[in-house]
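Spelled out from the first residue to the last, the chains are:
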Amino acid sequence: MEQQKKTTTVRKRSVPHSDANVSQRTYRLKINNTLRAVYVVGTKLKINLGSCAPLQSKFFSVKCTPNVQCQVFSQVQAGKSLSSPQPLGRDTVLLISMGAASLQPNDSKLSVRFYGDKSEILGNALLHLTAVEISLDVDADRDGIVEKNNPNKASWKWGPNGHGAILLVNCDSESSYYKKVDSESEEITKVADLKDMSKMILRTSGPPVLPEGYKLSLHISQTDAERVRVFRARSTKQAEASLKSIFLGLFQKEYPLVLNTKQLANEVPYQGGKSDLVFYVEGLHFPDKDFDGLLTINLSLLEPFAEGFPETPIFTDKVMFRVAPWIMTPNTLKPLEVFVCSTSDNHEFLKGIKQLVQKSGLKLKICHEYMNRGDRWMQDELEFGYIDSPHHAFPVVLDSPRNGDLDNFPYDVLLGPDFGYVTRYASRIEVSSLDSFGNLEVSPPVTVNGKNYPFGRIIIGVAFPTTEDGRNMTKVVQDFLWAQKVQEPIALYSDWLVVGHVDEFMSFVPAPDRKGFRLLLASPDAAYKVFRTLQNKGHGDAKMFPGTEEEVSVDMILSDKEFQTENGYVQSCIDWNRDLLKKELGLEDEDIIDLPVLFKVISEKNRAVAFYPDMVNMIVLGKNLGIPKPFGPQVNGKCALETETCSLLEPLGLNCSFIDDFTSYHKLLGEVHCGSNVRRKPFEFKWWNLEL
C-alpha cells in the first residue's frame, strides 16, 4: 500500500485499564476483498486475525493511513513495527480506532497481509473506513443544559451527587380550541408546549453523507412507548427560531412525531458535517404500581448487509430519563391561592373566609353554583401538588375518584397552560368516602431515625387491619401515592369516623421552634378537662349552642355517661394514631398539641362525628388560621373553647380566626378544611437531590 505507514508497539494479550469500558465491535475481514466500514469515534473495531487468516498463515503485517490507530494483542511476543511481518497466533487480535471524524466517506484505509513465512504472501485484506462522531445527549447533570456525551447519561442516581435526566408528564393544556391534557394529542399545536418537554440532542460529526446504506435509527421498547413520546425539530435553526417564537406567540408546525406506541423505531436524518439534531421528549404517565418512572431511549447506527436482508446495528447509544413525581405541599409552605365554593346557604362561611384571605394578602377563587351544583366539599374533590425539573415546573391538581357534583371543576377550571391535571380511575363499587381527599394529607419535612424526608410524608386513612367490612382508600390511588417515592405514605386508622377522613382529627401548623411545626390532634380528654374546669369554677350551667335546639349545658354534658364512653372510645382511636404518628414522623409529646374536641357516635358500627364544630379541621394560611367556630360555653362573654384554643396556638405566633360553618358545613358532617383548599408554593429543595 503506497501510503504513509503507521507503526504501533505490539503488546502481550491484556486489555489496558483505560479500554475496559470502551465499546468494542467485532469485525471480520475477507481475504482478497475490499470492505467498507463506518467507525464510531470513541469505540474500537476488534478483528481476530487468526480466525480470518488463510490456512497455513504464520505471519501478518498491517499498514494504515495516519488517522487510523492499531493495537495488537497476542500471547506471542512480537516486534515493534506492524508494517513488518509479525508472528500470527490463533488468538491474535487487532484493535482499530480513529481519533477524529472523516471529512469524506471512505477516506481512511487499513490493509492486512498474511504470510506463510516472512516472504511468502498468502493473501491481503483491505478495509476502507469512514469515521463519524455520534452522541445522543440529555441533561444528565441536571443543570438545565444538555451537555455532550455525559458518561452517566444512560443511568439514574438519586442525591446531590447523583445523575440522570428528568422528564415531566405533559399534563397541562395549551389548547386554544377545546381543553384537553396535552399528552392526549400526538402533535404539537403550540410551541409553548415544548417547555413542558425535555430536550434531547443528537450530535454528529463526519462527512457530508454516510456511505450508501448506512442510517441512524431512534428506538424505544414497546413498554416504554406507552409512557413516552418523542418529537423532532426539523433542523437546528428551526428549533432555535421556534424557541424564540414562544415569546412572540408564533408557531409553525415543524415538529414531526418520531416515536410513539405505533412507531417504536424511526430513521432520523444524518445532517453531515458537525451538526445538532434537537428532539423533544414528552412524558405521558406518572410513576405507578407497574412503572418505576425510568425510561430509556436508544439511537443505533445501522449497517446494510445484503439486498433483501435487514440492516444490523453496529453502534448503539442510549439515554435514561426519570419521570418527575407528583409532590404534595404541606400546611407549612407559603399559601398562594384559596379555593372555596359558593352555595345558597354558606354566606356566613364565605364572609369569614373572605376576611381571612384578605387579611393574609392572598387570592380567593370562588367556584359558583353553576359549576359546583351544590357540592361544597372543595377539599374532598382535589389535592394540589406540583411537578418539577431543572428546566420547568408547574402545579398539578390530583382529582379524587369520589366524582361528586364538583367533579368537573379540576378539569374544566384548573387545567390550563402550566397547570396540570392527573387522576386515577376506580369503579363506583370500589370508591368509598375514604377516597375523598380530606383523607389525604402530608406532613411538613421531618427526620426520623436519621432518615430525612425533606418533602414530608403523605398521610392517608384506612380501616384498622382487624376490622371486618372496613372501608379503605381505593388501591389505584394508594398505588399512585406510593409510586411517587419522595413522600413515603403513612396509613392511619380513620374508619372509626362516619366520614372517615384524617383531617377530622389531625392537622399541622407552623411553629418557630423545635421541628418548625406542631401536630394538632383532636382530643376528647382535653375537651373534658375544659368542661370540668368550667364546672369546678361554677359555670356548670354555661350553655353550648345557646339559643338553638341543640342547646346543652356543661353539667348535662358531664353527666352523660354513655356520651363519656363514646368519647373514651374515640380517644383510644386517636391515641392509636398518635402513637403511630410519633413513631413515623419522629415526634415527641412536645411536638403535639391536643385541641378540645368532643365526638358522638351516630352509626350502628360505632362510627363517630364531631359533636360541635371540629376545631382541628381548619385552614392554615401562614400564621393565620381559619378555625371552625365551636359555639362553646360562654363565660364572661367569651367562648371557653375558643379561649382554650387561642391559649394553645397564639404562643406560637399564630392568629386564630373563628369561622361560622355550623349550619352550612358542620351539620353536613364537614368543617372549614373540608370546604376549602389551598394552592401553595413548591418546596425550594429539589426532589432529585433526595437520598434514596
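Reading the values: rules and limits
- Residues numbered from 1 in each chain as written.
- Predicted model: local features only at pLDDT ≥ 70, side-chain atom pairs only at ≥ 80, totals over all residues.
- Heavy atoms only, no water.
- UniProt positions renumbered as here; feature names shortened; annotations may be inferred.
- Helix = DSSP H or I, 4+ residues; strand = E, 2+ residues; numbered from the N terminus.
- Domains from an automatic or database assignment.
- Contact = heavy atoms within 4.5 Å.
- Buried area = accessible area lost by both parts, 1.4 Å probe.
- Salt bridge = Lys/Arg side-chain N within 4 Å of Asp/Glu carboxyl O.
- Polar contact = N/O pair within 3.5 Å; in protein donor to acceptor, adjacent residues only side chain to side chain.
- pLDDT = per-residue confidence, 0-100.
- Axes fitted to C-alpha atoms, helices over the stretch in contact; angles between N-to-C directions.
- Parallel < 35°, antiparallel > 145°, perpendicular 65-115°, else oblique.
- Nonpolar A, V, L, I, M, F, W, Y, C, P; charged D, E, K, R; others polar.
- Buried < 20%, exposed > 50% of the residue type's maximum accessible area, 1.4 Å probe, protein only.
- Pairing = 2+ DSSP bridges.

> What am I meant to see in the UniProt feature "domain: Protein-arginine deiminase C-terminal" (unreviewed entry) in the protein here?
The UniProt feature table records "domain: Protein-arginine deiminase C-terminal" (unreviewed entry) at residues 314-689. This span, residues 314-689, is 24% helix and 29% strand, and a straight line between its end C-alpha atoms measures 36 Å.

> What exactly am I supposed to notice about the domain arrangement of the protein here?
Often the size quoted for an interface is simply the accessible area lost on bringing the parts together. On domain assignment, one finds that the protein holds domain 1 (24-132), domain 2 (139-323) and domain 3 (327-689). For domain 1 and domain 2, the distance between their C-alpha centres works out to 37 Å. With 15 residues of domain 1 at the interface, the matching set in domain 2 holds 13 residues. Looking only at domain 1, the three residues that lose the most surface to domain 2 are R25, V38 and V132, adding up to 44% of its buried area. Inspection of the domain 1/domain 2 interface yields one salt bridge. For the salt bridge of E303 with R25, the shortest nitrogen-to-oxygen distance reads 3.0 Å. The interface formed by domain 1 and domain 2 includes two residue pairs in polar contact (both at pLDDT 80 or more). Among the secondary structure elements, those contributing two or more residues to the side of domain 1 that touches domain 2 are β3 (34-40) and β10 (121-137). It is β3 that contributes the most residues to the side of domain 1 that touches domain 2, four residues altogether.

> Before we go on, may I ask you to explain the confidence of the model for the protein in this structure?
Low pLDDT marks regions whose predicted coordinates should not be analysed in detail. Here the protein shows a mean pLDDT of 92. Residues at 70 or above account for 93%. The model gives residues 75-79 a pLDDT under 50, and that stretch makes ten contacts with residues more than four places away or in other chains.

> Is there a simple way to think about the packing of helix α9 (residues 524-536) against helix α11 (residues 561-585) in this case?
Angle between the axes and distance between the axes: these two values describe a pair of packed helices. Where α9 contacts α11, the two axes come as close as 9 Å, and the packing angle between them is 140 degrees. Compared by their axis directions, α9 and α11 come out oblique. Note on element contacts: α11 touches α9 through F563, Q564, N567, V570, Q571 and I574, opposite P524, D525, Y528 and R532. In terms of residue class, the contact of α9 with α11 is made up of five nonpolar, three polar and two charged.

> In this structure, what is going on with the pairing of strand β32 (residues 517-523)? I would like to understand it.
Walk down a regular strand and you will see the side chains alternate between the two sheet faces. β32 sits mainly inside the fold: seven of its seven residues count as buried. Of the two faces of β32, the one lined by F517, L519, L521 and S523 and the one lined by R518, L520 and A522 are each fully buried. Here strand β31 (residues 506-510) runs beside β32; their pairing, made up of five bridges, is antiparallel. Residue pairing in the sheet places V509 in a bridge with R518 of β32. What sits between β31 and β32 in their antiparallel hairpin is a turn of six residues, with R514 showing a positive phi close to 50 degrees. Looking at chain direction, β32 and strand β35 (residues 592-596) are connected through five bridges and run parallel. In the strand pairing of β35, A522 is matched with L595.

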